[in-house]
Amino acid sequence: MNQEKILVIDFGGQYNQLVARRVRECNVYCEIYSYKTDLNQIKAMKPKGIILTGGPDSCYEEGAASCSRELFESGIPILGLCYGAQVMMHVLGGHVCEAPVREYGKIEVTVDRSSVLFDDVSEKTICWMSHNDYIEKEAPGFKIIAHTRNCPVAGAESVEKQLYAFQFHPEVLHTQEGRKMLHNFVYGVCGCAGTWKMDAFVETSIQAIREKVGDGKVLCALSGGVDSSVAAVMLAKAVGDQLTCVFVDHGLLRKNEGDEVEAVFGPNGPYKLHFIRVNAQQRFYDKLKGVTDPERKRKIIGEEFIRVFEEEAKKIGTVDFLVQGTIYPDVVESGLGGESAVIKSHHNVGGLPDYVDFKEIIEPLRDLFKDEVRKVGLELGIPENLVYRQPFPGPGLGIRIIGEVTPEKVVMVQEADAIYREEIAKAGLDRGIGQYFAALTNMRSVGVMGDGRTYDYAIALRAVNTIDFMTAEAAELPWEVLSKTANRIVNEVTHVNRVLYDCTGKPPGTIEFE
Ligand code: XMP
């Protein structure tokens, strides 16, 4: 794609993807590469600018992640953030060492002189800091543009060389004017025009898919999740009924979800495509009978899913293309971009390509972050409730029922979860929480109902806030919402007599219960 772009050079920091997302929010395309990427390769991409991320090392120690002096002499505008700023100073002859006072959290930064990066930024501004080392002395040719109480160089610049450094993290929301600063870098320093817009992306992608597919046949495994739905609609708009979508209902979906997916993609929906719904509930329940180990359950569900899909694919015969809803974080986290390969083996019901007879894979969302996928979804006219669906694990309710899965337990958790979601939505909290759901514990306890004793199950409610799903905090839900939900669940869901709220963060908990 012939796009103006900013490169994020990743030193293994926690916020690498966030930096790229913030740049894209400025309507500028941005990609993440490892700090090990060859300088010639970087130059060949003709970036308008480069941002160096934070990282866990100490830049003055042997073997620390670094980059060459030539990068800083390439004439490409560069902004170093936190560790990236330290590397810049260290390589160019400044002095970085262990800070006498470690700064962590929201810190007041004082802007010392006018810099284009601080255009329209307050003189005293709250920024997010997290560093053990600091820049004791800036490199020759640099001017200090900001400091804090404990950090003499919170910002530095060499306008002439187009090099800029921040000790803090402008990409994190806690940095109150961070977006403005990144915007200033991207437009004020790099001179970007802001061509990355989702409406244009949709148009060019549909055109490109049409050209690529020609009159070929395309197959898509539709899960009802945001990514596969958006990918499917894009393909449907491009090639219409040359597309077949197979939707496997494994009986572990949320209440009414199968029908909701069918309403959008089925014959009565707005799109011209072939839709095949496979009602395989009983097959999955049979396979899961008596199984309690979470990883075994995941494996069984994943394998059965492939088997069902494979059977359908065989009926269809050879296809030319297989659609996958891969998105940019999958690409980065699988180690293909960036520095931080995250191990997420269990997180995808994957392996489909091995089981389908096809010539080529199409990944229309491969360059997009999740929020961009949602924007594309809206551009394509997909209903909002589908576009803003929260993440739902491939094994579905199978891992939200602790212990053995039975059809009766599936109904219990479906009903409880539907009530919980309804109450959250009524309270206007549905877009504000990262992920929330009900799970069925395998604890039974004594209760009283009317005049009688009960011995029934406990539902656990979970709600977390998270940036990346790798760490999370339990959300502080209003008591009225919790108590109303609990009341409704025990009254409306048979065989539930207790409702618990999970206050555990991740770590040490996980988001799901299994
Ligand atoms: P955990 O429970 O690992 O969840 O903290 C992090 C995120 O991943 C989702 N998750 C899964 N997604 N297959 C999936 O497709 C899985 O087996 C799976 N397990 C967890 C979870 O919903 C959360 O968003």
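Residues numbered from 1 in each chain as written. Predicted model: local features only at pLDDT ≥ 70, side-chain atom pairs only at ≥ 80, totals over all residues. Heavy atoms only, no water.

Novice: How should I be thinking about the nonpolar core in this particular structure?
Specialist: The tendency in soluble globular proteins is for nonpolar side chains to be buried as a group. Ranked by internal contacts, the top residues of the largest apolar core, which has 91 residues, are L219, L243, F265, V376 and L380. With 10 residues, the top contributor of residues to this core is helix α7 (residues 226-239). Excluding residues within four positions of it along the chain, L219 makes contact with T244, V246, F309, A313, I316, V319, F321, L322, V323 and V356. Membership of the second largest hydrophobic core comes to 37 residues, among which are A20, Y164, V332 and F369. (Core = buried A, V, L, I, M, F, W, Y, C linked by side-chain atoms within 4.5 Å. Buried < 20%, exposed > 50% of the residue type's maximum accessible area, 1.4 Å probe, protein only. Helix = DSSP H or I, 4+ residues; strand = E, 2+ residues; numbered from the N terminus. Contact = heavy atoms within 4.5 Å.)

Novice: Mind showing me how you'd approach helix α9 (residues 281-288) here?
Specialist: Each full turn of the α-helix corresponds to 3.6 residues, which orients residues three or four apart in the same direction. All of the buried residues in α9 are F284, Y285 and L288. Burial along α9 is one-sided: seen end-on, the buried residues are contained in an arc of 100°. Residues of α9 that are buried in the fold lie against β11 (243-249), α10 (294-316) and α14 (407-426). Remark: G290 follows α9 within two positions and exhibits a positive phi of approximately 75°. (Arc of directions from axis to C-beta.)

Novice: Whenever I open this one, the confidence of the model for the chain confuses me. Can you help?
Specialist: When pLDDT drops low, the exact placement of atoms in the prediction is not to be read closely. When pLDDT is averaged across the chain, the result is 93; 96% of the residues are at 70 or more. Counting contacts from residues 341-349, a segment whose pLDDT is below 50, to residues more than four positions away or on other chains yields 12 contacts. (pLDDT = per-residue confidence, 0-100.)

Novice: For this particular structure, what's the right way to read the pairing of strand β15 (residues 435-449)?
Specialist: In summary, the side chains of a regular strand alternate between the two faces of the sheet. As paired strands, β15 and strand β16 (residues 452-465) are joined by 12 bridges and run antiparallel to one another. Bridging across to β16, F437 finds its partner in R462. Where β15 hands over to β16, the hairpin turn is made up of two residues, of which G450 adopts a positive phi near 60°. (Pairing = 2+ DSSP bridges.)

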